[in-house]
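Overview (structure and organization)
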Amino acid sequence: MTVYRHAPKNPQGEGIHVEDFNFWYGDFHALTGVNLDIAPRKITAFIGPSGCGKSTFLRCMNRMNDLIEGTREEGLMSLDGNDIYAPGVDPVDLRRRVGMIFQQPNPFPKSIYENVAFGPRLQGVTSKSDLDDIVEESLKRANLWKEVSGQLGKNGLALSGGQQQRLCIARVLAVQPDVLLMDEPCSAIDPTSVQKVEDLMAELAPTVTIIIVTHSMQQAARVSDYMAFFLQERAGEPATLIEYGDTKEIFSRPRDPRTESYITGRFG
Amino acid sequence: MSGSEEQRERGREEHDELLDGLDRPPHISDIEPNKDEALAKSARELKLMDHATYVKERLLKDLFLLCALIAVAAVALIFVFTLAKSLPVFTDIGLGGFFSSTWAPSEGHYGILALLAGSALVTVGALVIGVPLAVGCAVYLTQIATRRVTRVVSTAVDLLAGIPSVIYGFFGLVVLRPIIANASGGLGFGALTAWLVLAIMIVPTITTLSMDALNSVDPGVREASFSMGATRWQTIYKVVLPAAKVGIVNAIVLGMGRAIGETMAVLMIVGNAPVFPHSITSPVATLTSQIALDMGYSSGLHRAALFGMGVVLYVISAGLVGIVRIITSRSERREREASRPATPVAEKDARSVAEGPSASDASALLAQQSSAQLIRSRLDNAKKPRVSKNATDGLMTGVFSAAGIVTTAILVLIIGFVVVNGAPQITPNFIFGWPRGVNAEGGIFPTIVSTLYVTVLATLFATPVAVLAAVYLAEYAHQGRLVNFIRYATDTLASVPSIVMGLFGYAVFVEACGFGLSMLSAALALALLMLPLIMRTTEDAIRSVPRFIRWGAYGLGASKWQVVSKIVLPAAFPRIATGIVLAIGRAIGETAIVLYTMGQAVNLPVTPLDSGRSMPVHLYLLANDGINMGAAYGTALLLMIMILAFNLFARHISKRGARQKGGK
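Please read these numbers as outputs of a predicted model, since none were measured by experiment.

Section: the overall build of chain A
- Assigned secondary structure in chain A consists of 10 helices and 11 strands.
- Its C-alpha radius of gyration of 19 Å places chain A within 12% of the 18 Å reference for a compact globule of 268 residues.
- Principal-axis analysis of the C-alpha atoms gives chain A an extent of 55 × 45 × 35 Å.
- Taken across its 268 residues, chain A has 60% of its residues classed as buried.
- Here the analysis covers contacts within chain A between residues at least 6 apart in sequence; of these, 70% occur between residues at least 24 apart.
- Of the roughly 9900 Å² of accessible surface on chain A, 49% is carried by carbon and sulfur atoms.

Regarding the overall build of chain B
- The secondary structure content of chain B amounts to 26 helices and four strands.
- For chain B, the spread of C-alpha atoms along the three principal axes comes to 100 × 85 × 55 Å.
- Buried positions account for 49% of the 664 residues belonging to chain B.
- Considering only contacts within chain B whose residues lie at least 6 apart along the sequence, 77% involve residues at least 24 apart.
- Accessible area of chain B: about 30800 Å², with a carbon and sulfur share of 63%.
- Side-chain charges in chain B split into 54 positive and 43 negative, and the spacing between the mean points of these groups amounts to 11 Å.

Comments concerning the interface of chain B and chain A
- Each partner contributes to the interface: chain B provides 50 residues, whereas chain A provides 63 residues.
- Carbon and sulfur atoms make up 57% of the area that chain B and chain A hide from each other, which totals about 4900 Å².
- If you look at where chain B meets chain A, you find three salt bridges.
- Salt-bridge contacts for Arg-378 of chain B lead to Asp-133 of chain A; the nearest nitrogen and oxygen are separated by 2.5 Å.
- Linking chain B to chain A there are 14 residue pairs in polar contact (both at pLDDT 80 or more).

So, a nonpolar patch on the surface
Residues and elements named next belong to chain B.
- Taken together, the side chains of Leu-87, Phe-90, Leu-95, Phe-99, Leu-113 and Phe-276 define a hydrophobic patch exposed on the protein surface, amounting to about 530 Å² of accessible area.
- Of all the elements, helix α5 (residues 87-98) adds the most residues to the nonpolar patch, at three residues.
- Mapped onto the secondary structure, Phe-90 falls in helix α5.

What about the pairing of strand β11 (residues 240-246) of chain A?
Residues and elements named next belong to chain A.
- Burial of β11 is extensive: five of the seven residues sit out of reach of the surface.
- Bridge count for strand β1 (residues 3-4) against β11 is two bridges, and the pairing is parallel. By the bridge assignment for β11, Tyr-4 is matched with Tyr-244.
- Bridge analysis of strand β10 (residues 226-231) against β11 gives six bridges, and the strand direction is antiparallel. Bridge pairing links Tyr-226 to Asp-246 in β11.

Details of the sheet that holds β10 of chain A
Residues and elements named next belong to chain A.
- One open sheet holds the seven strands; their spatial order is β1-β11-β10-β4-β9-β8-β7, and the pairing between them is mixed. Edge positions in the open sheet fall to β1 and β7 (98-101), since each of these has one partner strand only.
- Against the sheet, helix α6 (residues 161-173) contacts β7 and β8 (179-183), and its axis sits at roughly 170° relative to β7.
- Sheet strands in contact with helix α7 (residues 191-204) are β4 (43-47), β8 and β9 (209-213), and its direction is about 150° off that of β9.

Re the nonpolar core
- With 182 residues, the main nonpolar core has Ile-167, Tyr-168, Phe-170 and Met-309 of chain B as its most contacted residues.
- Residues lining this core come from more than one domain, with at least three contributed by each of domain 1 (86-339 + 390-425) and domain 3 (434-467 + 496-664) of chain B.
- If near-sequence neighbours (up to four positions away) are discounted, Phe-170 of chain B is found in contact with Met-268, Phe-417, Leu-619, Ala-623, Met-629, Ala-632, Tyr-633 and Ala-636 of chain B.
- By size, the runner-up hydrophobic cluster in this structure holds 52 residues, among which are Leu-167, Cys-186, Leu-200 and Phe-229 of chain A.

Here we look at the sheet that holds strand β2 (residues 16-25) of chain A
Residue and element names in this part refer to chain A.
- Pairing within the open sheet is antiparallel, and its four strands lie in the order β3-β2-β5-β6. Lying at the two open borders of the sheet, with one neighbouring strand each, are β3 (28-38) and β6 (82-83).
- As paired strands, β2 and strand β5 (residues 71-79) are joined by eight bridges and run antiparallel to one another. Among the inter-strand pairings, Tyr-25 is bridged to a residue of β5, identified as Thr-71.

A few points about helix α3 (residues 112-122) of chain A
All names here are of chain A.
- Within α3, nine of the 11 residues are buried, leaving the element largely enclosed by the surrounding structure.
- If you check which residues of α3 are buried, you get Ile-112, Tyr-113, Asn-115, Val-116, Ala-117, Phe-118, Gly-119, Pro-120 and Leu-122.
- Immediately beyond the C-terminal end of α3, within one or two residues, lies Gly-124, with a positive phi of roughly 100°.

Digging into the environment of Val-253 of chain B
All names here are of chain B.
- Within the secondary structure, Val-253 is located in helix α11 (residues 232-261).
- For Val-253, a relative accessible area of 12% translates into the label buried.
- Measuring from C-alpha to C-alpha, the distance between Val-253 and Val-321 comes to 8.1 Å, with 68 residues separating the pair along the chain.
- In contact with Val-253, not counting residues within four places along its chain, are Leu-320 and Val-324.

Here's the deal with the confidence of the model for chain A
- Per-residue confidence for chain A averages 89 on the pLDDT scale, and 96% of its residues sit at or above 70.
- Averaged over each element, pLDDT in chain A is lowest for β1 of chain A (72) and highest for β9 of chain A (96).

Concerning helix α8 (residues 165-184) of chain B
Residue and element names in this part refer to chain B.
- The sharpest bend along α8 measures roughly 40° and falls at Leu-176, with the proline Pro-178 sitting one to four residues further on.
- Among the residues making up α8, those that are buried are Ser-165, Val-166, Ile-167, Tyr-168, Gly-169, Phe-170, Phe-171, Gly-172, Leu-173, Leu-176, Ile-180 and Ala-181.
- Gly-185 sits one or two residues past α8 and shows a positive phi near 90°.

Re the packing of aromatic side chains
- For the structure on display, the rule yields 22 aromatic pairs over all chains.
- Aromatic pair Phe-417 of chain B and Tyr-633 of chain B: ring centres 5.5 Å apart, planes at 75°, arrangement edge-to-face. Within this pair, whereas Phe-417 of chain B is found in helix α16 (residues 389-422), its partner Tyr-633 of chain B is found in helix α26 (residues 629-662), the two being separated by 216 residues in sequence. Each of the two residues, Phe-417 of chain B as well as Tyr-633 of chain B, counts as buried.
- One aromatic cluster is present, formed by Phe-21, Phe-46, Phe-57, Tyr-85 and Phe-230 of chain A through successive ring pairs.
- Here the guanidinium or amino end of Arg-72 of chain A rests over the ring plane of Trp-24 of chain A, the centre of that ring lying 4.1 Å away.
- Between Arg-177 of chain B and the ring centre of Phe-189 of chain B, over which it is positioned, the NZ or CZ distance is 5.0 Å.

Rules behind the numbers
Residues numbered from 1 in each chain as written. Chains lettered and ligands numbered in written order. Predicted model: local features only at pLDDT ≥ 70, side-chain atom pairs only at ≥ 80, totals over all residues. Heavy atoms only, no water. Helix = DSSP H or I, 4+ residues; strand = E, 2+ residues; numbered from the N terminus. Rg over C-alpha atoms; globule rule 2.2 N^0.38 Å. Buried < 20%, exposed > 50% of the residue type's maximum accessible area, 1.4 Å probe, protein only. Contact = heavy atoms within 4.5 Å. Areas by Shrake-Rupley, 256 points an atom, 1.4 Å probe, with all protein chains shown as cover. Lys, Arg positive; Asp, Glu negative; His and termini not counted. Charge placed at Lys NZ, Arg CZ, Asp CG, Glu CD. Buried area = accessible area lost by both parts, 1.4 Å probe. Salt bridge = Lys/Arg side-chain N within 4 Å of Asp/Glu carboxyl O. Polar contact = N/O pair within 3.5 Å; in protein donor to acceptor, adjacent residues only side chain to side chain. Patch = residues over 30% accessible without salt bridge, like charges linked within 9 Å, V, L, I, M, F, W, Y side chains within 5 Å. Pairing = 2+ DSSP bridges. Axes fitted to C-alpha atoms, helices over the stretch in contact; angles between N-to-C directions. Core = buried A, V, L, I, M, F, W, Y, C linked by side-chain atoms within 4.5 Å. Domains from an automatic or database assignment. pLDDT = per-residue confidence, 0-100. Bend = angle between axes of the 7 residues up to and from the residue. Phe/Tyr/Trp six-rings, centres within 6.5 Å; stacked < 30°, edge-to-face > 60°. Lys NZ or Arg CZ within 6 Å of the ring centre and 35° of its normal.

Right, dumping it as structure tokens:
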């Protein structure tokens, strides 16, 4: 059973609500019985050893797993009260509302401007001045504007790894998502850049719900308001959510012995 | 006492302390005091490389270089020889006469413009039909299809690539020609028939290379596009295709080379009238078909003109390969410059006021909120698309899927056509019997033997040279001008139309070397066909062996040759074997090369200097004569079975290799 403590309450049904969620890759049962509520406009961290299903669960939240053949899910996952797996729901539109940042910064091999304008263009924004505004404001929100303002025509790949990651964040912000999923966003960039991305997350949190998967417990402690610990206890068995609640409390007094052994470093 | 001896001493004392209390075992120095000294000495002095090893490594390297240079020499020789044989074109016919419009050798007119026009017409039409089909199929297989469908259809595409051109020509002649004749009222020989057949033939080339290009697009970029709410079509159209553009353009250029150089299929269906094409259903001729047609009986100026056409074909294909290389290297340079610009974008710590002074400050929140509001209002200005995104997506997915289905259907159709008509012919007597009458009755045993004979011989010639040359290019060579040049030469050799190699083989092996029409002449000419194919796959296979595996072996003190022979080649073996087997498949089905190097008389070859008639040539002659179509179908089926067996075997090897690498 999952240990819950001060699970965030959503009286207005806002945020993400998950009930008895199961997930399969083909025959492999990857996740079982996940129940949780993600607090809107807060930072929630998913932690756990490799292969514990935290990234899989994250990718379920904007249905990126639909792109993988043979995947299947059961249970309820809703965004602001709407079941995202209900028949007829357009995953394309869902992904616009639930943006994603990946481990490896992945700017398109196009100019910085075109990278940020990509999403708005998809949505049908054609006016040059509208696009200019969106690009500028998105880059400002991602704390990148000052570094690139005079060189928007440069290729996105010309940026450093940390800058590329902030460009990817700006690119997502340009379509005004409600939720930002971050799949180990700092594991492929240098430590100075990590600091910048973490600062940026703190700045964005009051306006966007952020969910971050991280391998680094220090990072989870530094940035997150809530924390969820996932674990696959035995190879071949499905992983599940073990403990969920306020980050500080979990770190100071873990209630489940498995959580305790993980945060004191006994698991991978 | 030197430093290292001190360390050894200390280490031994610690070791002894550990053993304290135990029954102390006799120490090595207690027994052999001198040995310890010898060890210490060897630790101080570095051994010099002994001369024999040095000479061996050096000789091996030179041998590999020699093999690589053979490829270059072949390219140069083909060009020089063909050019030399065409000299009368410049001296007697004159360039003006050569590039004029009348081709009438019996009246002394050797103008090739009509033939050039025929080649151009046939090629352009084939591209117009084939390119959308091939690229669509590649997009379908890499972006849309499920893994199982991809496996089936890409096998189909590979098999299409393996089917010899004489079978395509046969199919065009017996199936497509009557249909077109009925529709147009003519005989059905002409550009239209050639378009359809050539379009099918270039699909595998373009599809396979486009798939490589599409698969090498960073999957992260694709995911990023999806995660921002792009539909599949938007992702393909706006992200994946632009990223794979260069590779796809190259694929099309190489497909074009294939179409221009194709001989047998065209020869069988264009009608062979060397006049300017006046309609797409009237008979025309191309450069390649005219060479194949006239080669057997030409002499004097007529012969020189044919070699001159060979030079033209050679220049065209070398030019196309050059274009591909220029496009590729330019795009690589551009990518490098984009990712490592002269003035990198500086990272700055200070934030602007608009960006907020710090994460915790309330003004940062305010700035974020106002930016968010502005973005939202601008997004609200978006126009609704005229057609819904999902409808477009569905439509385009359907179009691409159709391309995949059509390609598979064509394969099934061709194979089905040959199998259904050929199967009743296959009897023991057909396989092991001797031809009777005008060679159209009875069995085809001598042609089977001739085909296998020449293929084995060609493989023996080509494989060692090709593999060793590839080892040189991938492992030994400085990656500079010379290597670039050798690669350009092999790429050119790979794209030289086979009829030009047939011309060259005839002039050099049959005539100049005096081997006559024989297994040996044909095998040498076929080896030229196989050489670049095997070299390319071997080099790719060697390069795909991870560097760290090599470092591991070097770190253990292996010499270069030991690393290559014990680590790299075994690791690359499955892919090398696949390349060899595929090249063998190509050689078995090759017609244009053997037509005038091996001869056309039915004969059971014993010595390499015996002549014979290979199966593809037999099929070509049977189909053209039209006396006994049953025998033609039977020959086609046997030929196809042999080649498909080789192709499936190659897939099996490469799959097994991949499984072993996976370690499970």
